[in-house]
Amino acid sequence: MTGRQGSGPAFGRPGPTFSRRTLIGTGFGVGLGIGAAVVTGVGSGSAYAADGRGAASSAQRRGHAFLAAAMDAYPDHGSIRLTQSYADQAGLFSTAFTYDNALAVLAHLATGTADGRARAVVLGDALLYAQEHDPVYDDGRLRQAYNVGPYTFFDGSLQPDGFVRADGTANVGTQFGFTGTAVGDMAWAGIALSALARRTGARRFLEGAVRIGAWIERIGRTDEPLGGYKFGVNGADEKLPFTSTEHNTDLVCLFGRLALLTGDRVWRERRARAGAFVKKMWEPAGGFFYTGTNDGVTVNKSPIPEDTQTWTHLALDSRSYSRSLDWAAVELAVLDHADRRNSTVPAGQTYEGVTFSSASLVANEDAPIAEFQPKPDRSGVWFEGTAHLALALRDRSGRGDEASARRLVASIERAQDLLGAGQTVGGHALPERSGVVSASSPLDTGFGFGYYPYRHVGATAWYLLAATRTNPLRA
């Protein structure tokens, strides 16, 4: 969810979609219900994953082929690079979100292959480069997103650089305003770097993860009544007042990993602090988690998002809260097909899964999500969240969980086969039937942005994690 894309025009033109992290860059409140080149030694072919029971399926291989193509889209712009997050058709040009790239690292590692590991190392080193070559700050932060290739913006201005600008600084995504730093984005980058540290033994990855943890502790820690860690900073480096259940869930994993990898007990205390906030968001009567707080005092009770139900299970590893998976599976269930109002699913196709939040189910179908954007489909399937749920069900492994997870994974794989055909990255055609679109039809998240049927690194990476039974949030 940290990397979720949203809607909104740029300079009055149709096409571009904005992330909730864009709003961090511009200083608006988000996410809590208030409007809410070829690399040396890396193969160019798709990687192969294992699902814990045998060789990767062809669907998994095609998912990895998409991740490879999105990573290799700008071969003339240096070997230090990140992966473009969305197909060009999303209107975000060469934007590479930090969250999506962290997920790509984890998905590449899940292949268990030399190619996957090599690609993960390249992306990890690029995150470290961004951390060490920020154009303004030298405090361990990463930005919401970066540019990884040239493009001409909607106002006619040229963005000529790759990920590394001519002056050697990381190419921060200023044209879309992706200049703030969210705790959730930082946590996922730290999780990816800690995974690389464990897999490779390379000290640099652990050092980068520790710098991230230290930044979060310094900027995010709050002594407000509900506690936990705050949202982050906007593009002007102003602290944001919100506290997110999702972000603190991410920190349960990151701080737990840092405790194990460093042996420093201070990370255990920080993990406990983040975990205590998450547990305060639990609603025992309904069996779900709320989204967080806007002021550190009052729990924000609407909308209720999917990822606070599934990520909490993956991170907390506690049967005491596992009913949240049942809540998500039932209360956020959707079935999208061509007969649905505002559906963009072709005739004869049907997709099941979950939507983004409780608000998505009651979205205004008579109005576009944002100016110049299509009207939402209340039954649009959010494939990233559907993969969250499939993985969490497999992790819980209760009666019927595996059968439900297989149905959800099959729906995602059908979407990879049939949705998003003809889309490109960096102007280059993607391998056929590769990459999962973010949503089956336009959907309104209820947090001030939408998702659309564009092939997406984040959705594809989560599918691969679910297919390989890889829990990225287990410390």
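Residues numbered from 1 in each chain as written. Predicted model: local features only at pLDDT ≥ 70, side-chain atom pairs only at ≥ 80, totals over all residues. Heavy atoms only, no water.

Give a detailed account of the overall build of the protein chain, specifying residues and quantitative values.
In terms of helices and strands, the protein chain carries 13 helices and 19 strands. Across the 475 residues of the protein chain, 63% fall into the buried class. Here the protein chain displays about 15,900 Å² of accessible surface, and carbon together with sulfur accounts for 50% of that area. (Helix = DSSP H or I, 4+ residues; strand = E, 2+ residues; numbered from the N terminus. Buried < 20%, exposed > 50% of the residue type's maximum accessible area, 1.4 Å probe, protein only. Areas by Shrake-Rupley, 256 points an atom, 1.4 Å probe, with all protein chains shown as cover.)

For the confidence of the model for the protein chain, give the residues involved together with the corresponding values.
When pLDDT is averaged along the protein chain, the result is 90, and 88% of the positions lie at 70 or above. Note on residues 3–54: pLDDT is under 50 here. Beyond four places in sequence and across chains, it has 202 contacts. (pLDDT = per-residue confidence, 0-100. Contact = heavy atoms within 4.5 Å.)

How would you sum up the pattern of salt bridges? Please name residues and give values.
The final tally for this structure, using the stated rule, is 28 salt bridges. With a closest N to O distance of 2.8 Å, Asp-134 and Arg-143 form a salt bridge. Take Asp-134 and Arg-143: they sit in the same class, and that class is buried. With a closest N to O distance of 3.9 Å, Glu-352 and Arg-407 form a salt bridge. You can see Glu-352 sitting in strand 15 (residues 350–354) and its partner Arg-407 sitting in helix 12 (residues 401–418), a full 55 residues away along the chain. A residue is classified by how much of its surface remains accessible, and Arg-407, at 45% relative accessible area, is partly exposed. (Salt bridge = Lys/Arg side-chain N within 4 Å of Asp/Glu carboxyl O.)

Go over the environment of Arg-270, please, and point to the residues and values.
If you trace the backbone, Arg-270 turns up in helix 8 (residues 266–280). In this structure, the C-alpha to C-alpha distance between Arg-270 and Gly-213, residues 57 residues apart in sequence, is 9.5 Å. Those residues in contact with Arg-270 that sit more than four places away from it in its chain are Glu-217, Arg-221, Tyr-229 and Phe-255.

Give a description of the packing of helix 4 (residues 114–132) against helix 6 (residues 203–220) that names residues and reports values.
For the pair helix 4 and helix 6, interaxial distance at closest approach is 10 Å and the crossing angle is 45°. The orientation of helix 4 relative to helix 6 falls into the category oblique. Here the hand of the crossing between helix 4 and helix 6 comes out left-handed. Here helix 4 contributes Val-121, Gly-124, Asp-125, Leu-128, Gln-131 and Glu-132 to the contact with helix 6, which in turn contributes Arg-204, Phe-205, Gly-208, Arg-211 and Ile-212. (Axes fitted to C-alpha atoms, helices over the stretch in contact; angles between N-to-C directions. Parallel < 35°, antiparallel > 145°, perpendicular 65-115°, else oblique. Left-handed = near helix turned anticlockwise from the far one by under 90°.)

Tell me about the pairing of strand 14 (residues 333–337), and name the residues and values.
The alternating pattern of strand 14 places Val-334 and Asp-336 on a buried face and Ala-333, Leu-335 and His-337 on a face that is not buried. As paired elements, strand 14 and strand 15 share 5 bridges and run antiparallel to each other. Looking across to strand 15, one finds that Leu-335 is bridged to Glu-352. (Pairing = 2+ DSSP bridges.)

Outline the layout of surface pockets, listing residues and values.
Where empty space is left can be seen by rolling a probe of water-molecule size over the atoms. Size it by volume and the largest pocket reaches roughly 330 Å³. Lining of the largest pocket is provided by 15 residues; of these, Ala-195, Arg-198, Arg-199, Arg-257 and Arg-474 occupy positions nearest its centre. By residue number, the principal contributor to the lining of the largest pocket is helix 5 (residues 183–200), which donates 4 residues. Residue composition of the lining of the largest pocket, grouped by class: 8 nonpolar, 3 polar and 4 charged. Roughly 210 Å³ of volume is contained in the second largest pocket. Taken together, 16 residues form the lining of the second largest pocket, with Ala-329, Leu-389, Ser-404, Arg-407 and Leu-408 sitting closest to its centre. Of all the secondary-structure elements, those providing two or more residues to the lining of the second largest pocket are helix 10 (323–331), strand 14, strand 15, helix 11 (383–396) and helix 12. Residue composition of the lining of the second largest pocket, by class: 9 nonpolar, 2 polar and 5 charged. (1 Å grid on protein atoms, 1.4 Å probe; cavity = no way out; pocket = protein on both sides within 12 Å on 5 of 7 lines; lining within 4 Å. Points joined across faces, edges and corners; volume = space filled by probe spheres on them. Nonpolar A, V, L, I, M, F, W, Y, C, P; charged D, E, K, R; others polar.)

Which residues make up unusual backbone geometry, and what are the values?
Geometrically, the link from Ser-302 to Pro-303 is a cis peptide bond, its omega value of -5° lying close to zero. Tracing the backbone through its elements, the reader meets Pro-303 in the loop between strand 13 (299–300) and helix 9 (307–316). Unlike most non-glycine residues, Asp-317 shows phi in positive territory, near 50°. Within the secondary structure, Asp-317 is located in the loop between helix 9 and helix 10. In the Ramachandran plot, Arg-469 falls in the positive-phi region, its phi being about 60° despite a non-glycine side chain.

An account of helix 2 (residues 58–71) is needed here, citing residue identities and associated values.
Under the 1.5 Å per step criterion, the end-to-end length of helix 2 is 20 Å for 14 residues, consistent within 8% with the ideal 20 Å. Across the 14 residues of helix 2, 11 count as buried, placing the element largely inside the fold. Of all the residues in helix 2, the buried ones are Ala-59, Gln-60, Arg-62, Gly-63, His-64, Ala-65, Phe-66, Leu-67, Ala-68, Ala-70 and Met-71. Against helix 3 (98–110), helix 4, helix 12, strand 16 (424–425) and helix 13 (457–467) lie the buried residues of helix 2. (Expected span 1.5 Å × (residues − 1).)

Give a description of the side chain of Asp-161 that names residues and reports values.
Note that Asp-161 resides in the loop between strand 6 (158–159) and strand 7 (181–182). Look past the residues within four positions of Asp-161 in its chain and what remains in contact with it is His-77, Val-148, Gly-149, Pro-150, Ala-166 and Asn-171.

Give a description of helix 5 that names residues and reports values.
Relative to the 26 Å expected for 18 residues at 1.5 Å per residue, helix 5 spans 25 Å between its end C-alpha atoms, a close match to the ideal helical length. Most of helix 5 sits inside the fold, with 15 of its 18 residues counted as buried. Of the residues trailing helix 5, Gly-201 is marked for its positive phi of about 75°.

Explain the packing of aromatic side chains to me, and be specific about the residues and the numbers.
Scanning all chains against the criterion turns up 32 aromatic pairs. With a centroid separation of 5.1 Å and an interplanar angle of 90°, the aromatic rings of Phe-288 and Tyr-290 are classed as edge-to-face. Tyr-290 matches Phe-288 in its accessibility class, with the two residues each being buried. In this structure an aromatic cluster arises from ring pairing among Phe-93, Phe-97, Tyr-151, Phe-153, Phe-154, Phe-176 and Phe-178. The ring of Trp-267 carries the charged tip of Arg-270 above its face, separated from the ring centre by 4.6 Å. (Phe/Tyr/Trp six-rings, centres within 6.5 Å; stacked < 30°, edge-to-face > 60°. Lys NZ or Arg CZ within 6 Å of the ring centre and 35° of its normal.)

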